[in-house]
Amino acid sequence: MLVEFEKELIATIKEVCENTKPYLGEFEDKNEMELLIKGGESFVFIEFVGEKYEDYVNKVATYNIHILTATSSKQQSYRQENKYNCLDMCEQIDKKLKNVVLNNEFGVELGTLKVLHNSITDYGYIYVLSREIQTSFREKDEWLEGN
């Protein structure tokens with residue numbers, strides 16, 4: 001369920017930002033961050049955070065959507081434009097997720113948005129927002145399906 005949902009979530013967000021993929025520790029690796037900043041593009045990373053069973057068949061999964069924009073320029077006007085681009089992309093993703101029902105048959109609940117990184121580095125400027133989302137799943141078995 002979780003793998004299928006994450007793949008579908010990535011495909012949905014790719015409609016807003018082509019550079020969307022699973023988060024695999026990129027923010028913790030200095031070399032990866034350098035490449036992201038030098039590229040000067042926008043990226044979206046999907047991070048599975050956890051799940052919790054509500055009862056025997058219902059569970060809630062939590063994900064973070066990390067939205068990264070970068071510019072190789074350290075000038076204030078470029079940094080401000082970069083920040084605004086990140087906020088705009090977040091709003092586009094929010095709008096997309098509010099209006100989609102994925103294969104789990106439950107909507108996506110938008111949670112807290114916060115700044116994860118706001119940094120000037122040797123390579124330029126990076127701004128990262130992180131949106132928490134949650135969705136529900138219902139496990140189906142033969143008994144529930146009436147077979």
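For the structure itself, consult the block above.
Heads up: these notes are all about the structure in this document. Please read all numbers here as calculations on a predicted model, not as lab measurements.

On the basis of which strands lie adjacent, the open sheet formed by five strands has the order E1-E2-E3-E5-E4 and mixed pairing. Each edge of the open sheet carries a strand with a single partner, namely strand E1 (20–22) and strand E4 (108–121). Mean inter-strand twist for the sheet, computed between neighbouring axes without regard to direction, equals 25°.

Further remarks concern the nonpolar core. With 24 residues, the main nonpolar core has Val-44, Ile-65 and Leu-97 as its most contacted residues. Contributing elements (two or more residues each) for this core: helix H1 (2–14), strand E2 (42–53), strand E3 (58–71), helix H3 (76–98) and strand E5 (124–138). Sequence-distant contacts of Val-44, defined by excluding residues within four places in its chain, comprise Ile-13, Cys-17, Asn-19, Thr-20, Lys-21, Ile-65, His-66, Ile-67, Met-89 and Ile-93. Listed in part, the 11 residues of the second largest apolar core include Tyr-23, Phe-43, Phe-45 and Val-128.

On to the side chain of His-66. Summarising the element assignment, His-66 is placed in strand E3. Taking relative accessible area as the criterion, His-66 reaches 3% and is therefore assigned buried. Reaching out from His-66, the side chain makes a polar contact with the side chain of Glu-47 at a distance of 2.7 Å. Of the polar contacts made by the side chain of His-66, one reaches the side chain of Ser-130; its length is 3.1 Å. When residues no more than four places from it in sequence are discounted, the contact partners of His-66 are Tyr-23, Phe-27, Phe-43, Val-44, Phe-45, Glu-47, Leu-116, Val-128, Leu-129 and Ser-130.

In a structure, side chains of opposite charge can pair up when their charged atoms sit close to one another. A full pass over the atoms with the stated rule returns four salt bridges. As a salt-bridge pair, Lys-96 and Glu-15 come within 2.3 Å of each other at their nearest N and O atoms. Here the residue Lys-96 occupies a position in helix H3, and Glu-15 occupies one in the loop between H1 and E1, the gap between them amounting to 81 residues. Among the ionic pairs, Glu-34 bridges to Lys-38, the shortest N-O distance being 2.6 Å. Taken together, the positions of Glu-34 and Lys-38, both in helix H2 (residues 30–39) and four residues apart, correspond to about one turn of that helix. For Glu-34, a relative accessible area of 18% puts it in the buried group.

Tracing the backbone through its elements, the reader meets Glu-4 in helix H1. Sequence separation between Glu-4 and Lys-98 is 94 residues; the distance between their C-alpha atoms is 19 Å.

Along the chain, Thr-20 falls in strand E1. A distance of 2.6 Å separates a polar side-chain atom of Thr-20 from the backbone oxygen of Cys-17. Apart from residues no more than four positions distant in its own chain, Thr-20 is found in contact with Ile-10, Ile-13, Lys-14, Val-44 and Ile-46.

Rules of the game
- Residues numbered from 1 in each chain as written.
- Predicted model: local features only at pLDDT ≥ 70, side-chain atom pairs only at ≥ 80, totals over all residues.
- Heavy atoms only, no water.
- Pairing = 2+ DSSP bridges.
- Helix = DSSP H or I, 4+ residues; strand = E, 2+ residues; numbered from the N terminus.
- Axes fitted to C-alpha atoms, helices over the stretch in contact; angles between N-to-C directions.
- Core = buried A, V, L, I, M, F, W, Y, C linked by side-chain atoms within 4.5 Å.
- Buried < 20%, exposed > 50% of the residue type's maximum accessible area, 1.4 Å probe, protein only.
- Contact = heavy atoms within 4.5 Å.
- Polar contact = N/O pair within 3.5 Å; in protein donor to acceptor, adjacent residues only side chain to side chain.
- Salt bridge = Lys/Arg side-chain N within 4 Å of Asp/Glu carboxyl O.

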